[in-house]
Amino acid sequence: MSVIDDAAQSRRPALDPDAPVVLSVKDLQVQFPTEDGLVNAVNGVTYDVKLGQTLAIVGESGSGKSVSSMAVMGLHDMKRTRMSGSIMLDGQELVGASNETFRKLRSETVAMIFQDPQSSLHPFKRIGAQIAEAYRTHHKVSKAVAMKRSVEMLDRVGIPNPQRRAKQYPHEFSGGMRQRAMIALGLVNDPKLLIADEPTTALDVTVQAQILDLLNDLQREFGSAIIMITHDLAVVAEVSDHVLVMYAGRGVEYGTTKEVLASPRHPYSWGLLSSVPSLTSDPAQPLNPVRGNPPSLLNLPSGCSFNPRCDFKSRVPGNKCETELPDFMPVPGEKGRLSRCFLAEPAEIFATEIAPNLE
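The protein is annotated in an unreviewed UniProt entry as ABC transporter ATP-binding protein from Metallococcus carri. The Subcellular location (unreviewed entry) field of the UniProt record for the protein holds the comment "Cell membrane". For the record of the protein, the UniProt heading Sequence similarities (unreviewed entry) holds the text "Belongs to the ABC transporter superfamily."

### Some details on the state of the cysteines
This structure, assessed with the given rule, holds zero disulfides. For C310, which is in no disulfide, the shortest distance to another cysteine sulfur is to C321 and amounts to 6.2 Å. Here C321 is not cross-linked by a disulfide; its sulfur's nearest cysteine counterpart is in C304, at 6.2 Å.

### Points about the sheet that holds strand β2 (residues 37-50)
An order of β2-β1-β4-β5 is seen for the four strands of this open sheet, with the pairing classed as antiparallel. What marks the edges here is a single partner per strand, and that holds for β2 and β5 (92-93). As defined by bridge partners, strand β1 (residues 21-34) adjoins strand β4 (residues 82-89) across seven bridges and the pair is classed as antiparallel. When the bridges of β4 are listed, V30 appears paired with M83. This element, helix α2 (residues 65-73), spans β1, β2 and β4 of the sheet and lies at about 110 degrees to β1.

### Section: the packing of aromatic side chains
The final tally for this structure, using the stated rule, is four aromatic pairs. Measuring from ring centre to ring centre gives 5.2 Å for Y247 and F306, while their planes differ by 90 degrees; the resulting arrangement is edge-to-face. Separated by 59 residues along the polypeptide, Y247 in strand β9 (residues 242-247) and F306 in the loop between α12 (267-274) and α13 (320-323) bring together distant segments of the chain. In this structure, Y247 and F306 share a single accessibility class: buried. Linked through ring pairs, Y247, Y268 and F306 together constitute an aromatic cluster. The ring of F173 has R165 lying over it, and the distance from NZ or CZ to the ring centre is 5.0 Å.

### Thoughts on the pattern of salt bridges
Overall, the coordinates contain 15 salt bridges when judged by the stated rule. Here R80 makes a salt bridge to D77, at a shortest N to O gap of 2.4 Å. You can call R80 exposed: its relative accessible area is 57%. D77 gets classed as partly exposed once you look at its relative accessible area, which sits at 34%. The partner of E334 in a salt bridge is R337, with the nearest N and O atoms 2.5 Å apart. On the basis of relative accessible area, R337 is assigned to the buried category, the value being 1%. A single network of salt bridges, built from pairs that share partners, joins E253, R265, E334 and R337.

### Observations concerning the side chain of Q179
Relative to the elements of secondary structure, Q179 occurs in helix α8 (residues 175-187). Judged by its relative accessible area of 1%, Q179 falls in the buried class. Of note is the side chain of Q179, whose polar atom sits 2.6 Å from the backbone oxygen of P199. Those residues in contact with Q179 that sit more than four places away from it in its chain are I113, F114, Q115, P117, P199, L203 and I211.

### Quick notes on unusual backbone geometry
Although it is not a glycine, D90 adopts a positive phi angle of roughly 50 degrees. The phi angle at S107 is positive, at roughly 80 degrees, despite the residue not being glycine. Of the residues examined, S107 reaches a relative accessible area of 13% and is grouped as buried.

### A word on the side chain of T200
Mapping T200 onto the fold places it in the loop between β7 (193-197) and α9 (205-222). Among the residues examined, T200 registers a relative accessible area of 5% and is labelled buried. Within polar-contact distance, the side chain of T200 engages the side chain of Q208 at 3.5 Å. Ignoring any residue separated from it by four or fewer positions in sequence, one finds T200 in contact with Q208, I211, L212 and V235.

### With respect to the pairing of β4
Alignment of β4 against β5, held across two bridges, turns out to be antiparallel. Within β5, the residue paired with M88 across the bridge is E93. Here β4 folds back onto β5 in antiparallel fashion, the turn holding two residues, of which D90 has a positive phi close to 50 degrees.

### Digging into the environment of S107
Structurally, S107 is set in the loop between α3 (99-105) and β6 (110-113). Setting aside its immediate chain neighbours within four residues, S107 contacts A134, H138, G186, V188, N189 and P191. Side chain to side chain, S107 and N189 meet in a polar contact 2.5 Å long.

### Details of the nonpolar core
One finds L154 and I183 to be the most contacted residues of the largest nonpolar core, which totals 37 residues. Contributing elements (two or more residues each) for this core: β6, α5 (127-138), α6 (143-156), α8, β7, α9, β8 (225-230) and α10 (233-239). Take this core: its biggest share by element is seven residues, from α8. Excluding residues within four positions of it along the chain, I183 makes contact with I113, V157, I211, L214, L215 and L218.

What counts and how
- Residues numbered from 1 in each chain as written.
- Predicted model: local features only at pLDDT ≥ 70, side-chain atom pairs only at ≥ 80, totals over all residues.
- Heavy atoms only, no water.
- UniProt positions renumbered as here; feature names shortened; annotations may be inferred.
- Disulfide = S-S within 2.5 Å.
- Pairing = 2+ DSSP bridges.
- Helix = DSSP H or I, 4+ residues; strand = E, 2+ residues; numbered from the N terminus.
- Contact = heavy atoms within 4.5 Å.
- Axes fitted to C-alpha atoms, helices over the stretch in contact; angles between N-to-C directions.
- Phe/Tyr/Trp six-rings, centres within 6.5 Å; stacked < 30°, edge-to-face > 60°.
- Buried < 20%, exposed > 50% of the residue type's maximum accessible area, 1.4 Å probe, protein only.
- Lys NZ or Arg CZ within 6 Å of the ring centre and 35° of its normal.
- Salt bridge = Lys/Arg side-chain N within 4 Å of Asp/Glu carboxyl O.
- Polar contact = N/O pair within 3.5 Å; in protein donor to acceptor, adjacent residues only side chain to side chain.
- Core = buried A, V, L, I, M, F, W, Y, C linked by side-chain atoms within 4.5 Å.

In structure tokens, the structure reads:
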């Protein structure tokens, strides 16, 4: 069932255990009041990211992946958002911070690569001018110096003939080239943290592999931390050191990439992996996708949010899954591993039992 690519993992930069934590998120809550009620988009998410580390945040649409990362960037309209908890970025608290604080931090300390570069890049400005503008926002340099830096970054991300390309508009770039330009824009100020929100979704597999290799190479060069938001487990195996699995706005599993993908400890993680086809699996063996649909964030189920879709809750005595919310607790005997589940020895259960395909 594992989608781990050992060759890809060996290409990852070695992690420094003493590297400083650049981002520390503690008990983050993000809620959106609506006419229908309060949308609990993020429910107490906690994680740390060190310099040089890549953390993959995985989950279905609506799990809170992008909402939590947009909170780090200060991209929510605080007039329509309720936020609590703590976001410490490079030693600075961001929950309750001013717009001016976020403007200073964006691009200089933290930058974001969005899923659709076509809508993220200004359609009426030349690519080079957009990158140069981001550079001049944080550096007192002339337009000529900023444009030189822009061309250097386009060259660094593998765009051929960067001087000519810098004078072109986004519509003159292919999808892969636009994404490379977005990476150049994100890294132009050498940020300590780069957030990549589904950066390869709209690309074909060949270009996707090139972009992922590029991010690995740039991380070695710049030493930045990266948060990779994705639903693609192949991407997780290729680029990440650690994985945070999210469901219904909460973290349900955390560990190293190899631990989580090779031996999941939460039924939701197991379900995600069971729905991925493998070249080595029996073609006659059906996939086992997670049944049902994600819950409404307006009305979360009582107890464990995953319990309506879980095929293993009967193994927990006392109807506990439907009445109590599990804590995000350390996994015994596995340093740094966390899971939000009442199951005893889930890895053994998943290894010996195939969940029934219920209607």
